[in-house]
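So the chains spell out like this:
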Amino acid sequence: MKPGALVSLVALVVMTVASVGYLTVGVLDIDPTRTTNRVVVRMESSGGLMDTSQVTSRGIQVGRVESIAVVPGGLDVTLGLDADHRIPADSEVVVANLSAAGEQYLDLRPRSTGGPYLTDGDALGSEQVRASVTVSEALGLGDALASQLDTNALKGLTETASAAVDGREGDVDRLVDAFRFLAATLRDKSGEIRRLYDNAQQAGRNAYGYGPVITDAAPWVGATGEGVANLLEGFNEYSYVGADVWDDPLGQITPKIDQYLTPLSPDLALIATLLEPYTAPIKPMRVDAGSIVDVLQTVFPPGGPAKLSVEIPN
């Protein structure tokens, strides 16, 4: 065999081994060094799960469903989990859909970050399983819901909504503008609104300590109310007593006083009539109080001695 042919043969063998290794480990995900923990999950229904479904945890594939066995009262689903991934034993088991096409997968959702962790031979009870609704079940439920709708009522609602906005495009535009301005105001005044909310919270925190004080004051407030009620009742009784006093004793004294004073009082109208001719000459006289005050200030200036001016005729 020629040396060149031998080199080509060796290279071909190496490429074949490398390709087989890549297909085995990279494509088929077969790792001869991998340790697998087999965990059994007791389920009441499969929820569309198959023995080829993926098993994930926190979004990472950690294994596959190896088998689904029918047992009394439900199903035993055996999971092959990669031992390199530590999964808490109290994880919630959820059967969900990868897409609308209905490819189910099993998701282990940890409820805590600590142990104990799942090991080979562990079992999870049905109380930890939550099966999602399959696509076929969701379509059936949607069809049942649609059958309950009254098409005539929906048509009436549609016609009413159409009639409400028909010919009112301008009002709708103004309403949209108002909401846009409101949104802009809330956005621009977000700092003030935040401070207002913080102040309200601070006021609530400050008022929190007065609860026991108000509670202790409640009996005193009740007693005060009783005292005010007694006081009002006393005023009520006094009003009745005052009415009797004014109607009976004082009511008889007032006419007597009027009888005594009427003969003694002079006729002021007659006196005014008699004095009118004598007071008529002084009626036009007016007193200029301002001028008098000015003269007094000139004669007696503030803070100084009195001043007197004398005019000597020429």
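The rules behind each value
Residues numbered from 1 in each chain as written. Predicted model: local features only at pLDDT ≥ 70, side-chain atom pairs only at ≥ 80, totals over all residues. Heavy atoms only, no water. Helix = DSSP H or I, 4+ residues; strand = E, 2+ residues; numbered from the N terminus. Buried < 20%, exposed > 50% of the residue type's maximum accessible area, 1.4 Å probe, protein only. Contact = heavy atoms within 4.5 Å. Areas by Shrake-Rupley, 256 points an atom, 1.4 Å probe, with all protein chains shown as cover. Core = buried A, V, L, I, M, F, W, Y, C linked by side-chain atoms within 4.5 Å. Salt bridge = Lys/Arg side-chain N within 4 Å of Asp/Glu carboxyl O. Pairing = 2+ DSSP bridges. Polar contact = N/O pair within 3.5 Å; in protein donor to acceptor, adjacent residues only side chain to side chain.

A. Local environment of the overall build of the chain. Counting its regular elements, the chain contains nine helices and eight strands. Taken across its 314 residues, the chain has 14% of its residues classed as buried. Intrachain contacts of the chain at a sequence separation of at least 6 include 60% that bridge at least 24 residues. Working note: accessible area of the chain is about 24,500 Å², and carbon and sulfur atoms make up 63% of it.

B. Representation of the nonpolar core in the model. Ranked by size, the top nonpolar core spans 18 residues in total, and within it Val55, Leu79, Leu81 and Leu108 carry the most contacts. Beyond its immediate stretch of four places on either side in the chain, Leu81 contacts Thr35, Thr36, Asn37, Val39, Val55, Val62, Gly63, Ile87, Leu108 and Leu118.

C. The pattern of salt bridges, seen in detail. Counting across every chain of the model gives eight salt bridges. Ionic pairing is found between Glu66 and Arg38, a salt bridge with its closest N-O pair at 3.0 Å. Of this pair, Glu66 sits in strand S3 (residues 60-71) while Arg38 sits in strand S1 (residues 36-43); the two residues are 28 residues apart in sequence, bridging distant segments of the chain. Residue Glu66 is classed as partly exposed on the basis of its relative accessible area, which comes to 36%. Here Arg109 makes a salt bridge to Asp107, at a shortest N to O gap of 2.8 Å. Of the residues examined, Arg109 reaches a relative accessible area of 33% and is grouped as partly exposed. Each of Arg168, Asp171 and Arg174 takes part in a single network of salt bridges with overlapping partners.

D. A look at the pairing of S3. Pairing of strand S2 (residues 54-57) with S3 involves four bridges; the strand directions are antiparallel. Across the sheet, Thr56 pairs through a bridge with Gln61, a residue of S3. Turn length for the S2-S3 hairpin, with the two strands adjacent in sequence and antiparallel, is two residues, and the turn residue Arg58 shows positive phi of about 55 degrees. In the sheet, S3 pairs with strand S4 (residues 74-82) via eight bridges, with the strands oriented antiparallel. Residue Ala69 lies in a different strand from S4, and its bridge partner there is Asp76. What sits between S3 and S4 in their antiparallel hairpin is a turn of two residues, with Gly73 showing a positive phi close to 90 degrees.

E. Looking closely at the side chain of Ser53. Here Ser53 is to be found in the loop between S1 and S2. Overall, Ser53 belongs to the buried group, its relative accessible area being 4%. There is a polar contact of 3.1 Å between the side chain of Ser53 and the backbone nitrogen of Met50. Within polar-contact distance, the side chain of Ser53 engages the backbone oxygen of Gln104 at 3.4 Å. If near-sequence neighbours (up to four positions away) are discounted, Ser53 is found in contact with Arg64, Val65, Gln104 and Tyr105.

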